[in-house]
Amino acid sequence: MTTTPKTTPSARRVARYQTGTGRPPWQLSGSAVFIAVLFALPGGYVVWRAITGGSLSLLLEGRALRPLWRTIQLAVLVSVSTAILGTALAWLTVRTDLPLRRLWRVLAPLPLVYPSFIGAAAFHSGLTPGGIVHDLVGQFGFNLELRLHGLTGAWLVLTLFAYPYVYLPVAARLATLPSSLEENARLLGDRPFQVFRRVVLPQTTSSIAAGSLLVFLYTVSDFGAVHLMRFETLTQTIYRNRLFDQTRAFGMAFLLLALALLVVAAERTVARRSAQIEVTGDRSPLNVALGLWRIPAAASCSLIVGLALFAPALSLADWGLFGWLQQRRGLAALRLDWGDLASATWSTVWISSVTAVIAVAVMLPIAYLLARHRSRLGGVVNSVVIAGFAMPGLVVAISLIFWTLHASPFEFLIGSMPVLVFAYIVHFGAQAVRTAQVAVTSVPKRMDDAARLLGANRLRRLITVELPIMAPGLTAGAGLVMLSTMKELPATLLVAPMGFRTLTVEIWDTYEALYLAEMGILALVLVAISAVLTWYLVVRRANHLA
Amino acid sequence: MMNIWGTPDDAVAPSGLSVRDLSVAYEGPPVLIDLSLDIAPGELVALLGPSGCGKTTLLRTIAGLEHPASGSVAVGNRVVTSNGHFVPPERRRIGMVFQDGALFPHLDVRRNVAYGLPRSERNSSRANEALDMVGLSEVANRMPNTLSGGQQQRVALARALAPRPGVLLLDEPFSNLDTTLRLRVRAEMHRLLVDLGVTTVFVTHDQEEAFVLGDRVAVLHEGHLAQVGTPDDLYRRPADRWVATFVGDANLFRCNRPSGSCQTPIGEIPVLVGSDGPADLLLRPEDLALTEGSSGTVELIEYYGHDAMVHVQLDNGPSLKVRTNADLLHRRGDRVAVSYIGSGAVALGL
């Protein structure tokens with residue numbers, strides 16, 4: 001990218017001569033553009049198919065808009081409830097004298113370990129005959145008829161498993177908000193509640209908004225939980241029509257894509273306008289004494305963490321243990337042996353590690369472009385990558401399947417591993433780009449200058465100076481991608497090569513076949529692995545994620 | 001004088017440095033305009049100027065970290081930057097110490113110092129020698145974040161010196177240190193650089209630091225070299241009004257035709273360097289003394305310990321700064337007179 005004025009050769013030489021640190025080298029711009037084109041491909045294909053395939057006229061029917069309306073309804077409900085729940089929990093655990101605060105701070109983000117469909121399956125199976133809740137109530141002579149389904153069920157389950165997306169950024173913000181702000185507000189005459197409303201809340205809004213945006217995207221792209229709750233959102237319509245009514249499937253995919261991108265664009269416009277103080281102080285924030293309210297506050301925390309973290313685990317463990325005991329007593333054999341379990345676990349760990357490493361490697365040039373050079377190109381590429389994140393996994397999957405089917409030189413890619421990894425990276429790459437950007441920024445430009453003046457060339461600087469300094473940040477980014485990949489259901493379900501069975505696919509199939517005991521065991525393994533990763537990432541290294 | 005690099009066989013003569021017609025521009029007005037500066041081998045030159053004058057840009061352009069729009073830079077006889085020719089910084093053999101040291105946080109002190117050595121020398125005793133020079137061999141195995149700010153700066157100096165650079169650049173190397181530490185580290189580095197005889201260019205915004213360390217001082221103002229000279233030159237014979245007021249405290253008296261002498265509110269002043277047209281006479285505070293009398297009032301006293309600065313408002317003229325010795329005879333509000341005790345003033349054309 002050189003701008004050459006139309007002048008004499010010598011003037012042109014001067015212009016090139018001026019190409020300093022501000023403008024990115026062509027290798028960097030080139031790879032960033034290449035990556036952006038790849039990222040835009042699945043979305044572009046959906047738009048192209050929707051326009052050329054006549055899907056858009058379908059959208060004029062009232063019937064077609066019903067799934068859209070249901071999707072919006074659910075997404076707004078879940079966003080609002082998680083915003084309230086996440087903020088309240090964050091405030092209680094970070095800013096008050098709640099008993100066992102440190103324990104709550106560790107437990108509160110952990111519901112992230114459940115993919116929504118496993119959470120939904122755990123609630124469902126717990127309430128059906130044979131499930132722990134149903135049978136416990138049955139001990140007292142009641143026949144529990146309560147079933148979770150529809151809007152209420154989907155809303156409840158998604159709220160419980162998505163609130164950490166609000167909790168984490170808000171808690172981080174509250175923890176670093178300098179106490180001097182609040183002390184000043186007090187000195188200027190505000191009462192504690194006024195301080196919260198006039199100082200704390202405005203300084204937290206952008207974190208709440210960012211968290212709610214994640215929840216909104218999580219909800220509109222959710223596939224498993226709404227399927228289990230039999231609540232037909234756009235993802236369900238797409239999934240149902242993907243084989244026999246592609247026109248409708250692509251029309252709905254187009255709607256879903258438009259909805260997601262619109263919300264992201266709106267949030268970014270609003271976020272750009274809000275003014276925030278830069279947090280620098282290392283002073284501990286003010287704590288509010290709850291007094292008598294400590295007891296109800298602790299009870300609420302127990303209830304939420306109990307429902308979102310322990311109840312699903314108990315329900316799954318109950319089914320798993322039941323199945324295992326049945327087998328031990330020779331009553332019924334589990335349709336799952338250690339070999340199946342081990343191979344599914346291995347597939348999951350393997351594919352998500354590979355995806356994570358590739359994602360970080362691919363995002364590194366973009367991170368460099370964003371962190372080291374001021375160029376319009378960087379902004380555009382970043383938007384494309386974020387759009388990839390906003391694009392639901394199901395839409396990426398549908399797009400890639402039909403693209404590989406129809407694009408004549410690329411048929412050999414159908415159902416191949418590279419396409420699966422590509423789908424994951426388009427969907428989750430943004431998680432790595434953020435942390436990679438933080439990592440690149442954490443290497444001061446002076447460090448690079450110093451190494452240059454000591455005679456190190458580009459490669460030596462990268463290997464001996466930059467990568468070692470960036471390592472913790474990059475590892476955190478890879479971990480986030482790995483965590484998301486191993487929990488991902490629809491893309492895996494649709495794009496994975498024949499016979500490549502990850503834990504999510506096995507869990508899905510066993511649940512659909514109503515082998516609840518097997519489902520319980522598989523789900524517990526997945527939850528255990530992602531719990532370890534979450535622990536490592538969210539609880540121990542949260543500083544690299546901001 | 002001790003051999004530059006400790007042992008005779010690896011002695012490298014320090015290089016001179018020559019900057020010719022250098023212009024640097026980003027978007028907007030140029031940062032440096034047609035700037036030329038010659039530095040002799042072994043010389044210690046300070047680049048002095050207010051923030052934003054382009055002094056750091058000049059240093060970074062010499063290092064090759066910035067690309068000039070035109071002009072050339074030569075280290076010794078080797079042209080490293082000229083129109084159409086650009087030697088990348090990693091091949092210039094120029095050492096640089098950054099404001100905060102910029103030590104690699106993941107490498108211990110010894111490996112930091114060895115970083116710039118050729119592969120074959122990285123495990124040799126060269127790194128230890130460099131650490132010895134700055135008197136820090138005992139911290140060779142520590143990590144940078146366990147060192148004090150002054151130690152970090154000395155390690156950074158050892159790291160820059162280890163590969164035997166032809167020229168050493170220092171970018172405000174003491175500005176991150178607190179006052180007492182700054183004076184100590186400054187004195188140590190000064191002695192070392194003089195002993196080694198290495199050609200050194202350093203940037204500072206602190207006039208005292210430039211005067212104390214610099215054999216010569218180059219004053220930059222808005223992208224131009226306002227004046228280059230020895231500290232004494234700059235202080236006694238500044239090139240213009242701006243330099244006069246930037247380096248040191250100045251009392252200025254307007255004078256219409258300064259030749260021979262000039263009449264001022266404090267009497268007749270002999271003029272050393274005249275001017276054809278109207279000019280300002282420069283009277284440094286130490287050229288003035290307080291005497292018995294009643295031509296002005298003491299407004300303000302700044303007490304420094306080794307001396308004091310007394311601000312006197314003349315009844316029939318401007319306010320003057322007078323440097324007196326530390327045993328103060330006057331208090332705020334006292335009536336005094338001011339007399340000239342210098343040997344002649346410089347007239348600065350308007």
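Residues numbered from 1 in each chain as written. Chains lettered and ligands numbered in written order. Predicted model: local features only at pLDDT ≥ 70, side-chain atom pairs only at ≥ 80, totals over all residues. Heavy atoms only, no water.

Visitor: So what exactly am I meant to see when it comes to the overall build of chain B here?
Guide: Secondary structure summary: chain B contains eight helices and 20 strands in total. By residue count, 53% of the 350 residues in chain B fall in the buried class. Element-wise, carbon and sulfur atoms account for 49% of the exposed surface of chain B, whose accessible area totals about 15,100 Å². Counting 32 positive and 41 negative side-chain charges, chain B places the averaged centre of each group 6 Å from the other. (Helix = DSSP H or I, 4+ residues; strand = E, 2+ residues; numbered from the N terminus. Buried < 20%, exposed > 50% of the residue type's maximum accessible area, 1.4 Å probe, protein only. Areas by Shrake-Rupley, 256 points an atom, 1.4 Å probe, with all protein chains shown as cover. Lys, Arg positive; Asp, Glu negative; His and termini not counted. Charge placed at Lys NZ, Arg CZ, Asp CG, Glu CD.)

Visitor: Sorry if this is basic, but what is going on with the interface of chain A and chain B here?
Guide: How big an interface is tends to be expressed through the accessible area that disappears when the partners come together. Taken together, the 24 residues of chain A in the interface contact 31 residues of chain B. Of the roughly 2,400 Å² buried where chain A meets chain B, counting both sides, 59% is carbon and sulfur surface. Inspection of the chain A/chain B interface yields four salt bridges. Among the ionic pairs, Arg452(A) bridges to Glu90(B), the shortest N-O distance being 2.9 Å. The tally of links from chain A across to chain B stands at six residue pairs in polar contact (both at pLDDT 80 or more). (Contact = heavy atoms within 4.5 Å. Buried area = accessible area lost by both parts, 1.4 Å probe. Salt bridge = Lys/Arg side-chain N within 4 Å of Asp/Glu carboxyl O. Polar contact = N/O pair within 3.5 Å; in protein donor to acceptor, adjacent residues only side chain to side chain.)

Visitor: Sorry if this is basic, but what is going on with the packing of aromatic side chains here?
Guide: Aromatic ring pairs are defined here through the distance separating the ring centres and the angle between the ring planes. Considering all chains together, one arrives at 14 aromatic pairs over all chains under this definition. Ring geometry for Tyr165(A) and Tyr218(A): centres 5.3 Å apart, planes at 50°, overall tilted. Placement of Tyr165(A) in helix H9 (residues 164–176) and of Tyr218(A) in helix H11 (residues 192–220) is noted, with a sequence separation of 53 residues between them. With centroids separated by 4.7 Å and ring planes inclined at 75°, the aromatic side chains of Phe223(A) and Tyr239(A) adopt a geometry described as edge-to-face. Here Phe223(A), found in the loop between H11 and helix H12 (224–228), pairs with Tyr239(A), found in helix H13 (residues 234–241); they are 16 residues apart in sequence, far enough to count as distant. You'll find Phe223(A) and Tyr239(A) in the same group, each marked buried. Connected via pairs of aromatic rings, a cluster forms that spans Tyr45(A), Trp48(A), Phe250(A) and Phe402(A). Lying over the aromatic face of Phe86(B), Arg92(B) brings its terminal NZ or CZ to 4.9 Å of the ring centre. Here the basic side chain of Arg284(B) rests over the ring of Tyr235(B), its NZ or CZ set 4.1 Å away from the ring centre. (Phe/Tyr/Trp six-rings, centres within 6.5 Å; stacked < 30°, edge-to-face > 60°. Lys NZ or Arg CZ within 6 Å of the ring centre and 35° of its normal.)

Visitor: Help me understand the state of the cysteines in this model?
Guide: Two cysteines, two sulfur atoms, one covalent bond between them: this is a disulfide. Residues and elements named next belong to chain B. Taken as a whole and assessed by the stated rule, the structure comprises one disulfide over all chains. Across a sulfur-sulfur distance of 1.7 Å, Cys255 and Cys262 are joined as a disulfide pair. On the sign convention where negative means left-handed, the S-S torsion of about 120° between Cys255 and Cys262 marks this disulfide as right-handed. Here Cys255 falls in the buried class, since its relative accessible area comes to 4%. (Disulfide = S-S within 2.5 Å.)

Visitor: So what exactly am I meant to see when it comes to the side chain of Thr324(B) here?
Guide: Here Thr324(B) shows up in strand S18 (residues 319–325). Residue contacts for Thr324(B): discarding those within four places in its chain leaves Leu290(B), Asp307(B), Ala308(B) and Val310(B).

Visitor: I'm lost on a nonpolar patch on the surface in this one. Help?
Guide: Residue and element names in this part refer to chain A. Together, Val76, Val80 and Ile84 give the surface a local cluster of nonpolar side chains, amounting to about 260 Å² of exposed area. Here Ile84 is to be found in helix H4 (residues 62–95). By relative accessible area, Ile84 is classed as exposed at 57%. (Patch = residues over 30% accessible without salt bridge, like charges linked within 9 Å, V, L, I, M, F, W, Y side chains within 5 Å.)

Visitor: Help me understand the environment of Leu117(B), please; the structure alone is not making it clear to me.
Guide: By the element assignment, Leu117(B) lies in the loop between helix H2 (109–114) and helix H3 (126–133). If we skip the residues at most four places from it in the chain, Leu117(B) touches Arg122(B), Arg126(B), Ala127(B), Ala162(B) and Pro163(B).

Visitor: Is there a simple way to explain the pairing of strand S1 (residues 17–25) of chain B in this structure?
Guide: On a regular strand, one side chain projects to one face of the sheet and the next to the other, so that they alternate. Residues and elements named next belong to chain B. Inspection of the sheet shows S1 paired to strand S4 (residues 70–75) by five bridges, in the antiparallel sense. Of the residues in S4, the one forming a bridge with Ser18 is Ala74. For S1 and strand S2 (residues 30–39), the ladder comprises six bridges, and the chain directions are antiparallel. Pairing of Val24 across the sheet is with Leu32, part of S2. (Pairing = 2+ DSSP bridges.)

Visitor: Would you mind going over the packing of helix H16 (residues 338–372) of chain A against helix H17 (residues 376–390) of chain A with me for this structure?
Guide: The relative placement of two packed helices comes down to the angle between their axes together with the axis-to-axis distance. Residue and element names in this part refer to chain A. Two elements in contact, H16 and H17, have axes separated by 9 Å at closest approach and are oriented at 140°. Comparing their axes, H17 and H16 come out oblique. The two elements H16 and H17 cross, and the hand of that crossing is left-handed. Only Leu377, Gly378, Gly379, Val381, Asn382 and Val385 of H17 make contact with H16, whose side of the interface consists of Met363, Ile366, Leu369 and Leu370. Residue classes in the contact of H16 with H17 are distributed as seven nonpolar, three polar and no charged. (Axes fitted to C-alpha atoms, helices over the stretch in contact; angles between N-to-C directions. Parallel < 35°, antiparallel > 145°, perpendicular 65-115°, else oblique. Left-handed = near helix turned anticlockwise from the far one by under 90°. Nonpolar A, V, L, I, M, F, W, Y, C, P; charged D, E, K, R; others polar.)

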